[in-house]
Amino acid sequence: MSFFDKIFGGKSETPDQKSFWKKIDSEEDLAQAIEHSYQHKIAIFKHSTSCFISKTVLRNFEMEVEHSDQKIELYYLDLLAHRAISNKIAADFGIRHESPQLIVIEDGKPVTSASHEDISLSQIL
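Residues numbered from 1 in each chain as written. Predicted model: local features only at pLDDT ≥ 70, side-chain atom pairs only at ≥ 80, totals over all residues. Heavy atoms only, no water.

- Per an unreviewed UniProt entry, the chain is named Bacillithiol system protein YtxJ, and its organism is Chryseobacterium joostei.

**Remarks on the sheet that holds strand β2 (residues 42–47)**
Next up, step 1: With mixed pairing, the five strands of this open sheet are ordered in space as β1-β3-β2-β4-β5. Looking at strand neighbours, the two that pair on one side only are β1 (21–23) and β5 (109–115), the edges of this open sheet. Averaged over all neighbouring strand pairs, the angle between strand axes comes to 25°, with direction disregarded.
Next up, step 2: One ladder, built from six bridges, connects β2 with strand β3 (residues 73–78); its direction is parallel. Residue pairing across strands places A43 opposite L74, the latter belonging to β3.
Next up, step 3: Relative to the sheet, helix α3 (residues 52–66) contacts β1, β2, β3 and β4 (101–106), its axis offset from that of β2 by approximately 150°. (Pairing = 2+ DSSP bridges. Helix = DSSP H or I, 4+ residues; strand = E, 2+ residues; numbered from the N terminus. Axes fitted to C-alpha atoms, helices over the stretch in contact; angles between N-to-C directions. Contact = heavy atoms within 4.5 Å.)

**Concerning the environment of I72**
Next up, step 1: Inspection of the secondary structure assignment puts I72 in the loop between α3 and β3.
Next up, step 2: Taking the relative accessible area as the measure of exposure, I72 reaches 18% and is therefore buried.
Next up, step 3: For the pair I72 and W21, spaced 51 residues apart in sequence, the C-alpha to C-alpha distance is 9.7 Å.
Next up, step 4: Apart from the residues within four sequence positions on either side, I72 is in contact with L121, I124 and L125. (Buried < 20%, exposed > 50% of the residue type's maximum accessible area, 1.4 Å probe, protein only.)

**Let's talk about the side chain of K46**
Next up, step 1: Assignment of secondary structure puts K46 in strand β2.
Next up, step 2: Of the side chains with opposite charge, E98 lies nearest to the buried K46, which makes no salt bridge, at 8.9 Å.
Next up, step 3: There is a polar contact of 3.1 Å between the side chain of K46 and the side chain of S86.
Next up, step 4: The residues touching K46, leaving out its near neighbours within four places in the chain, are L77, L79, S86, H97, E98, P100, Q101 and I103. (Lys, Arg positive; Asp, Glu negative; His and termini not counted. Salt bridge = Lys/Arg side-chain N within 4 Å of Asp/Glu carboxyl O. Polar contact = N/O pair within 3.5 Å; in protein donor to acceptor, adjacent residues only side chain to side chain.)

**A few points about the pattern of salt bridges**
Next up, step 1: Throughout the structure, instances matching the rule amount to four salt bridges.
Next up, step 2: A salt bridge links E98 to R96; the shortest N-O distance between them is 3.4 Å.

**So, the environment of K22**
Next up, step 1: Secondary-structure assignment places K22 in strand β1.
Next up, step 2: Along the primary structure K22 and A33 are separated by eleven residues, whereas in three dimensions their C-alpha atoms are 8.9 Å apart.
Next up, step 3: Dropping the residues within four chain positions of it, K22 is found in contact with E73, L74, Y75 and Y76.
Next up, step 4: One polar contact links K22 to E73, side chain to side chain, over a distance of 3.2 Å.

**Some details on the nonpolar core**
Next up, step 1: Grouped together as the largest cluster of nonpolar side chains are 17 residues, with contacts concentrated most on W21, F45, F61, L74, L102, I119 and I124.
Next up, step 2: Counting 15 residues, the second-largest nonpolar core is a separate cluster that includes A33, L77, I95 and I105. (Core = buried A, V, L, I, M, F, W, Y, C linked by side-chain atoms within 4.5 Å.)

**Remarks on helix α2 (residues 27–36)**
Next up, step 1: For α2, the set of buried residues is L30, A33 and I34. Projected onto a plane normal to the axis of α2, the buried residues spread over an arc of 100° and lie on a single side. (Arc of directions from axis to C-beta.)

**Remarks on the confidence of the model for the chain**
Next up, step 1: Mean pLDDT over the chain works out to 90, with 86% of the residues at or above the 70 mark.
Next up, step 2: Of the regions scoring below 50 in pLDDT, residues 1–6 engages in six contacts with residues more than four places distant in sequence or in other chains.
Next up, step 3: The low-confidence segment residues 10–14, where pLDDT is below 50, has five contacts with residues more than four positions distant or belonging to other chains. (pLDDT = per-residue confidence, 0-100.)

Below you can see the structure in the form of structure tokens.
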């Protein structure tokens, strides 16, 4: 990996390669994630794959998760590929769309959300 890739996030792993992510690719995936929130908190990370800021925030969040001993159910939504699902989340939960954005859900309801540099593992725990 080049110096610039290390600084600017060039050829780093994608969320698909991280074992802790569960992808949301359909409304059925979203419904299943919400259903899981009745057993324990879940978090949905909404990510714009073309945005440098979103990539940086995602990478920092992933480092937090990798260095934590907490077991957390994390979902990943690619906003560019699944904008309709992102819009559904915003409408169903009454949370204004932002990118990047982390939404924590418990018992089928959002308990907190954050965007940009405010995204942190501490919001879930």
